[in-house]
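Remarks on the overall topology
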Amino acid sequence: MLTKNIELINPQWFTDSRQVTDYATDDRAAVAVFFAIQGEHHDGHNFIGELYRKGVRQFVVERSALTAERRAELANYTDAQFIEVDSSLQMLQTLAAEHRRQFRIPVIGITGSNGKTIVKEWLAQLVSDDFVVAKSPKSYNSQLGVPLSVHELTESHTLGIFEAGISKTQEMQSLEAIIRPTIGIFTNIGTAHDEGFRTRKQKIAEKLRLFIHANTLIYCTDYSDVDEEIQLLLKAVNPDMRFITWSLTGQKATYQAVVQGNQLILTGKTDAFYLTLPFTDPASVENLAHCLVTMLTLRSWNTTELQNRLNRLRPVSMRLEQKEGINNCVLIDDSYNNDVVGLRLALSFLNQQRTRSHRVVILSDVLQSGQPENELYEQVGALIRANKIDQFIGIGLVVNQNARFFAENSLFYITTDEFLAQFAFSELRDSAILVKGARPFSFERIVHRLERKVHGTVLEINLDALTHNLNYYREKIGRSDGPGDAENRPSDTKLMVMVKAFAYGSGSAEVAQLLQFHRVDYLAVAYADEGVSLRQNGVDLPIMVMNPAPETFSTLLEYNLEPEIYSMRLLHEWGRFTAENKEYDAVENNSPVVAVNLLHLKIDTGMHRLGFLERELPAVADYLNSQPTLRVATVFSHLVGADDAQFNSFSRQQYETFIRSTALLEVTLGYRPIRHLLNSAGIVRFPDYKLDMVRLGIGLYGVEASQSDQAALQTVGTLRSVISQIKMVRAGESVGYSRRGIVDHEARIATIAIGYADGYDRRLGNGVGDVWVNGTRCPTVGNVCMDMTMIDITMGSANEGDEVVIFGAELPITELAQRIGTIPYEILTGVGERVKRVFFKEGN
């Protein structure tokens, strides 16, 4: 059984090979076990080979996943142990339950509709001086998250705090066996996941199953239906259970709570505590009361001790976050979930924003409520009216269909995209705005649009778009083998991705980690230090270095980087260096085996930049045959004009030269290295030349160099800045250095926080370039400065602090490049490293 000497590898962590490696080699663990779980979008069995190569030898696999082909693959791993089960998840839960039974410490189990994570995090903060706490990470409260959380219990812990969430019947039984709480907290009951239960009463009863073996249960008696079920269910199955209760409304309870402003008076049978609360919205008061009553259950406290702990409490950045918004607005971000109980609490919080009298609510469809549609939205509309909301904005098909329950000035949009595209954000000012949406609506995008940007200029990298573009090119070469795609098998054509030049300005490490997740075959960088950075950031894919130098050879060996060799001089220098610095990777017959050093041969088929000419290849092959520790991993060339139809015949000529050259090498070397010729444009225009591997570069970042398939790609990078100042300039006056910008009309001139030091080319000044401001193209005025650029916003609507798009979906980077007679590569790679990169995913 699973005990202290076995380390689990999280079945979800195969999405990050770095994490998998850490867990597989953790010195604390005698054995590392990987549980392969078949999920809706991912199949953990696809990663067994990868984990085996990382040193994992213990696997739990599901019988239903073991096709004949997969069994044949697993048979190759002769020193690995495979345990076949019906369900890896159930086995994981069983082992975690066994692990839990080894500990005799107090364990707090938390369930309810809302507040589980906040109560857990706050309680852990409040008692951290008294206990060594093991707790669920983030919101790990699911059938998978709970066993992973509980397995983190060690002998050093003196208290466990774990949350449990369910969405249908028969789920809590397994979680109860794993957590086996000695103390329970039932936070509240709301409408979330009502559709998974026949009645509200059934949902309460299912949640209460977490506490059937607990010694103590803490709950609020203000929820009368919860109190009734506790009396009926728990007192019957566990008559010795102690109930510690509290109430804000005067119901019968162990503690009475009274809130006066930011003061809480908590009165028990013998003690009264007068406390100043750090947070006073109703949701926080409820969560804090649960925490305080639990603390008083764990040990005795005086008022001073409790107040000192409350003073140190930090907010949990998950829901009901207040932020500074655009146009002097206050933004309340509650995009974490959406149900009626949560809406009621969020509206109460909104009403506390006394500095903004105008109140706006942006609400998505309420999902999984279990209520009839008419009844649900009539209730929502009544809440909006009761809280005197000035402007209601509904997003979603269902709320649109129930518009009759809302005021006539309400606005409705079908999708988040439609709202972002059509809403007049400039008219939203001096308001308190509540943004509350169910997760599928991606309301974090609305929050991002409404939040005042404090970091001037940023380059946003859309990882979903990058993944889309990667899959587009995979389809072009007939390959679809991303994580979880068990049905599709890869073609014979491999994929190398270029992450040189800071991943075309996008951020090398972050992009490379995503590519590693999506299992590309090779990465390529320009210089050794770029490869070192990737290794230091946990990237273990093969990496080709395109511009090696003798002074970096030791670095190449140290970090397992593979050089591009393009001349006889460089080949001889690499050969001498590796001969003088032999590495050994095995012992056979009591003799060390010298490690093979991989290299990549560049052939010049017409570019005449770097590479061996065809006539030089016999000498290259002779030298390689004399150096048995050198092996050619790949041989490649570069098409001169793959993006331009006028060079098609020359591209064909290059291909033929390359085929002759690689055939000669195959004969003389006695093996065939991987061959690759096509770049991004070539993948689109010359699919017949794909050979063994292709090189994906600028196309990954959303630029189709030939422009024949640009519409199929998504914009990856968006460069944004902000307006620092706006002023009126009279006709005839000048703007900027050298008086180059003479305005011929009374103009509103805005200064934006980007200049040539950030990568905004000086050639874009004096009206050559445009930027996008609140839906209007605004031309530059005067010279581009080092840190600033001036624009004419006379024809648009803008205010100081508003966002400006330099390039992105609204202003394609290809257009900017055309304006100044260059290529998109130069624009992308020119974005300065002082510009912050922000990586985000729009999907769930």
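Residues numbered from 1 in each chain as written. Predicted model: local features only at pLDDT ≥ 70, side-chain atom pairs only at ≥ 80, totals over all residues. Heavy atoms only, no water.

Description of the pairing of strand 15 (residues 330-334)
Definition in use: Relative accessibility under 20% of the residue-type maximum defines a buried residue, over 50% an exposed one, and the middle range a partly exposed one, all with a 1.4 Å probe and only protein chains included. Labels follow the DSSP assignment, with helices taken as runs of H or I lasting at least four residues and strands as runs of E lasting at least two, numbered in each case from the N terminus. Pairs of strands are assigned from DSSP output, requiring at least two bridges between the strands.
The buried fraction of strand 15 is high, at five of five residues. Here strand 15 shows a buried face lined by V330, I332 and D334 and a second buried face lined by L331 and D333. As paired elements, strand 15 and strand 19 (residues 431-436) share five bridges and run parallel to each other. Note on strand 19: the bridge partner recorded for I332 is L434.

Details of the packing of helix 22 (residues 568-580) against helix 23 (residues 617-625)
Note the threshold: Axis angles are defined between N-to-C directions and span 0 to 180 degrees, where every axis is a line fitted to C-alpha atoms and, for a helix, only to the segment in contact. The scheme is simple: roughly parallel for angles under 35 degrees, roughly antiparallel for over 145, roughly perpendicular for 65 to 115, oblique for anything else. Every residue pair with non-hydrogen atoms within 4.5 Å of one another is taken to be in contact. Under the grouping applied here, Gly and all other residues not named as nonpolar or charged are polar, the nonpolar ones being Ala, Val, Leu, Ile, Met, Phe, Trp, Tyr, Cys and Pro and the charged ones Asp, Glu, Lys and Arg.
Where helix 22 meets helix 23, the closest approach of the two axes is 11 Å, and the angle between their N-to-C directions is 0°. Classified by the interaxial angle, the pair formed by helix 22 and helix 23 is roughly parallel. On helix 23, the residues touching M568, L571, H572, G575 and R576 of helix 22 are A619, V620, Y623 and L624. In terms of residue class, the contact of helix 22 with helix 23 is built from six nonpolar, two polar and one charged.

Quick look at the packing of aromatic side chains
Threshold: Aromatic rings from Phe, Tyr and Trp, taking only the six-membered ring of Trp, are treated as a pair when their centres fall within 6.5 Å; an angle between ring planes under 30 degrees marks them as stacked, one over 60 as edge-to-face, and anything in between as tilted. Charge over a ring is defined by NZ of Lys or CZ of Arg lying within 6 Å of the ring centre and within 35 degrees of the ring normal.
Scanning the model with the defined rule gives 19 aromatic pairs in all. Measuring from ring centre to ring centre gives 4.3 Å for F392 and F406, while their planes differ by 5°; the resulting arrangement is stacked. With F392 in strand 17 (residues 391-395) and F406 in the loop between helix 14 (397-401) and strand 18 (411-413), the pair connects residues that are 14 residues apart, well separated along the chain. In terms of burial, F392 and F406 fall into one category: buried. Summarising the aromatic geometry, the rings of F423 and F425 are spaced 5.1 Å apart at their centres and angled 85° between planes, so their arrangement reads as edge-to-face. For the pair formed by F423 and F425, the shared burial category is buried. One aromatic cluster is present, built from ring pairs that chain together Y413, F419, F423 and F425. Residue placement shows R299 over the ring face of W301; its charged tip is 3.6 Å from the ring centre.

Here we look at the side chain of T822
Which entries qualify depends on this criterion: In the analysis that follows, any N or O atom pair within 3.5 Å is treated as a polar contact, provided that within protein one partner can donate a hydrogen and the other can accept it, and provided that, for residues neighboring in sequence, both atoms belong to side chains.
Following the sequence through the fold, T822 ends up in the loop between helix 26 (813-819) and helix 27 (824-829). Overall, T822 belongs to the buried group, its relative accessible area being 15%. Among the polar contacts made by the side chain of T822, one reaches the side chain of E826 at a distance of 2.2 Å. T822 has contacts with R763, A817 and I827, leaving out every residue within four places of it along the chain.

Describing unusual backbone geometry
Even without being glycine, R180 reaches a positive phi, approximately 40°. Relative accessible area serves as the criterion here: at 33%, R180 is assigned to the partly exposed category.

Quick word on the pattern of salt bridges
Heads up, the rule is: By salt bridge we mean one thing: a side-chain nitrogen of Lys or Arg within 4 Å of a carboxyl oxygen of Asp or Glu.
Tallied over the entire structure, the rule returns 33 salt bridges. Across the salt bridge formed by R200 and D225, the nearest N and O atoms sit 2.5 Å from each other. Of this pair, R200 sits in helix 8 (residues 200-208) while D225 sits in helix 9 (residues 224-237), and the two are 25 residues apart along the sequence. Owing to a relative accessible area of 23%, D225 belongs among the partly exposed residues under this scheme. Of the charged contacts in the structure, one is a salt bridge between E733 and R730, with a shortest N-O distance of 3.1 Å. We classify R730 as exposed; its relative accessible area is 59%. Each of the salt bridges in this network shares a partner with another, and the network as a whole consists of D129, D130, R299, E305, R309 and R312.

A look at the sheet that holds strand 12 (residues 263-267)
With mixed pairing, the nine strands of this open sheet are ordered in space as 6-7-5-8-9-10-11-12-13. Looking at strand neighbours, the two that pair on one side only are strand 6 (133-135) and strand 13 (272-276), the edges of this open sheet. For this sheet, the mean angle separating the axes of adjacent strands, direction not counted, is 15°. Against the sheet, helix 9 engages strand 8 (183-186), strand 9 (216-220) and strand 10 (242-247), with an angle of about 165° to strand 9.

Section: the pairing of strand 36 (residues 776-781)
Bridge analysis of strand 35 (residues 770-773) against strand 36 gives four bridges, and the strand direction is antiparallel. What sits directly across from W772, in strand 36, is R777. Hairpin connection, strand 35 to strand 36: the antiparallel pair is bridged by two residues, and N774 has positive phi, about 50°. Bridge count for strand 36 against strand 37 (residues 789-792) is two bridges, and the pairing is antiparallel. Its bridge partner lying in strand 37, T780 is registered against I791.

Taken by themselves, the reported measurements are silent on function.
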